[in-house]
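One-letter residues, chain by chain:
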Amino acid sequence: MERLVNHRLNTIIDQKLLLDDRQYAFRPGRSTDDYLCLLECILDDALSRSQHIELLSLDLSKAFDCVEHNTILTSLRDWGISGKLYQYIQSFLTNRTIQVLVNNSLSSPRQMPTGVPQGSVISPTLFLIAINSIFKIIPENIKILVYADDILLISISAFARLTRIRLQTALDKIAIWAPKIGFRFSPDKSKLLHLGPNRKKLKKLPPLKLFNQSIPFVHSFRLLGVWIDDRLTFSTHLNQIRKNSKNKLNLLRILSKTPSHANRDSLIKFVHGWLLPSALHDLGLISRSGPRLYHKLEPLYNGCIRTVGSAFVTSPIVSIMAECGQLPFNYLVAKHLTSKSVRWLAIGGNSDAPLVTRTNTILQNLINCSLPSVCPRRKPPFRYWTEKTPPIDFSLSLKIKAGQPSCTVLPFFHELVDRKYRTTTHIFTDGSKTIDGQVGCGIEDPLNKRSLALPSQCSVFSAEAYALLNALQNIPNQPTSTTIFSDSASVLKAVAKGSIKHPWISSISHEALKRGATLVWIPGHAGIPGNESADRLASIGANLTPPSVPIPQQDAYRDILLHLSL
């Protein structure tokens, strides 16, 4: 029940844009990578202008346990959320009790007048509602990024004193706001970091205070798992990775000496599943350190692969990598950066972001190619519960098996058309990809037969989806309804499922409902005339000059990964 209520509450919040975009936690389609990429864009822009930057990381004490219930309920009423949904949330928050079990002895119940219960599905959403008002009180000259209860304030100015004064003004507003929400900040655990020129004069600046307590001035602090220092060298972070990885590497060496318990494949999975994720965490930002990254982490990675391969110390590392089927470290870095960059571009990020520029430079040096233009995806990447599912007909799949001859397929197809779609306009679509990697799609439309080419990075799935989308977008206004026949079960199932991370799938869903069209699955290469014609048109399209159009995130990453693996 909580999951259903949470889904409906999130739908209302997303559709009405009630939560601020600068909150990145517990929201579909957002991640720490997006947060850190935006942070780097802000810092890089300020540093390029030789401005002073002060980063203030605020520490909230027991944030989930201190939220005032009235704060959440008042926000819901202000947003126009009422009825049974409001009553459920009100009931969920009131009259909550806790008990402690020690040595089989249960304490007496104790009322919990504040807080949201941790571990509940709906609690993170309620917490975001409570903390959302912080964005309204922060002055416009202060930038703010929030990940759950991790609050980062960024003050930027050409003058160090003005940077500090602006930050103090924002803190004064927070000191007034926090008690109303029920939040308690810990000044001694908060951290202040300064970036920029003329650090000699920093000692003359007034200390930053919250609740009349000075906030410690530091040279580095940890933000979402990344140690950020005042010179952006990330030396502290890289040294910490090496230190934390030693025990894991020792365990890997012990396991490698017991082949009966751990073969090579198992050890490789161990490396990629446990050791590397922590070592390459938030690589997008720490890759800014440049050669220092390779100097610190490449020996660690090479040592892992050498251990897995049971190779001698004198064995060439390139040969060991090839034998184990693993990418060299510089290619591994390029792979991870590509994943983060295409994700940034897919959520609408600017193409001149430092991460994207850095990734393109690395790819040019390694494989002489750059990131393609990426098509923005829908946010959030799921179908709202209020949205309808387009009409999709899979009835032929219950009567026809794959590979059956046309003499078996055609009678069922004609019977379906005569029974359901005799008076509708029929359109057939298909996608194709040649052995040489050329991609095309065809639309068999009685009013406009056409062949289209797509960039070679696109998959057959994307070609089928683009053909279906193009057919829907070009349906003329006419009194009769339209039926579109496609032999791509994977595309139609993706549309029906509502998992629409693929940008063209989400557009198909929208256009099909808008045009009132019905999508019907038919078997491919089964002698159906319209499908055969669409297949020929797709083959023609594959031989045309492809246009320069943005491609889906999935295809962009897959293409770069293929080049890196060659």
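See the structure printed just above.
Residues numbered from 1 in each chain as written. Predicted model: local features only at pLDDT ≥ 70, side-chain atom pairs only at ≥ 80, totals over all residues. Heavy atoms only, no water.

**Quick notes on the state of the cysteines**
With the rule as written, the count across this model stands at zero disulfides. Just so you know, cysteine 441 is unpaired, no disulfide at all, and the nearest cysteine sulfur is the one on cysteine 458, 9.2 Å from it. (Disulfide = S-S within 2.5 Å.)

**Considering unusual backbone geometry**
Look at serine 50: it is not a glycine, yet its phi comes out positive at around 55°. Among the structural elements, serine 50 can be located in the loop between helix 2 (32-48) and strand 1 (52-58). (Helix = DSSP H or I, 4+ residues; strand = E, 2+ residues; numbered from the N terminus.)

**Observations regarding the sheet that holds strand 18 (residues 518-521)**
Strands sit in the order 13-18-17-14-15-16 across an open sheet of six strands; the sheet is mixed. Both edges of this open sheet fall to strand 13 (392-393) and strand 16 (450-454), since each of them pairs with a single strand only. Of the pairings in the sheet, the one linking strand 15 (residues 439-444) to strand 16 comprises five bridges and is antiparallel in character. The partner of cysteine 441 across the bridge, within strand 16, is leucine 452. Against the sheet, helix 18 (residues 489-497) contacts strand 13, strand 17 (482-486) and strand 18, and its axis sits at roughly 140° relative to strand 18. (Pairing = 2+ DSSP bridges. Contact = heavy atoms within 4.5 Å. Axes fitted to C-alpha atoms, helices over the stretch in contact; angles between N-to-C directions.)

**Notes on the pattern of salt bridges**
Within this structure, the stated rule accounts for 19 salt bridges. Between lysine 420 and aspartate 393 there is a salt bridge whose closest N-O contact spans 3.3 Å. Here lysine 420, found in helix 16 (residues 406-420), pairs with aspartate 393, found in strand 13; they are 27 residues apart in sequence, far enough to count as distant. Among the residues examined, lysine 420 registers a relative accessible area of 40% and is labelled partly exposed. Among the residues examined, aspartate 393 registers a relative accessible area of 7% and is labelled buried. Connected via shared salt-bridge partners are Glu40, Asp44, Arg288 and Arg358. (Salt bridge = Lys/Arg side-chain N within 4 Å of Asp/Glu carboxyl O. Buried < 20%, exposed > 50% of the residue type's maximum accessible area, 1.4 Å probe, protein only.)

**Focus: the packing of helix 12 (residues 291-308) against helix 14 (residues 329-346)**
Viewed as axis vectors pointing N to C, helix 12 and helix 14 meet at an angle of 110°, and their least axial separation amounts to 10 Å. Relative to helix 14, helix 12 is oriented roughly perpendicular. Contacts from Leu293, Tyr294, Leu297, Glu298 and Tyr301 in helix 12 reach Phe329, Asn330, Leu332 and Val333 in helix 14. Residue classes in the contact of helix 12 with helix 14 are distributed as seven nonpolar, one polar and one charged. (Parallel < 35°, antiparallel > 145°, perpendicular 65-115°, else oblique. Nonpolar A, V, L, I, M, F, W, Y, C, P; charged D, E, K, R; others polar.)

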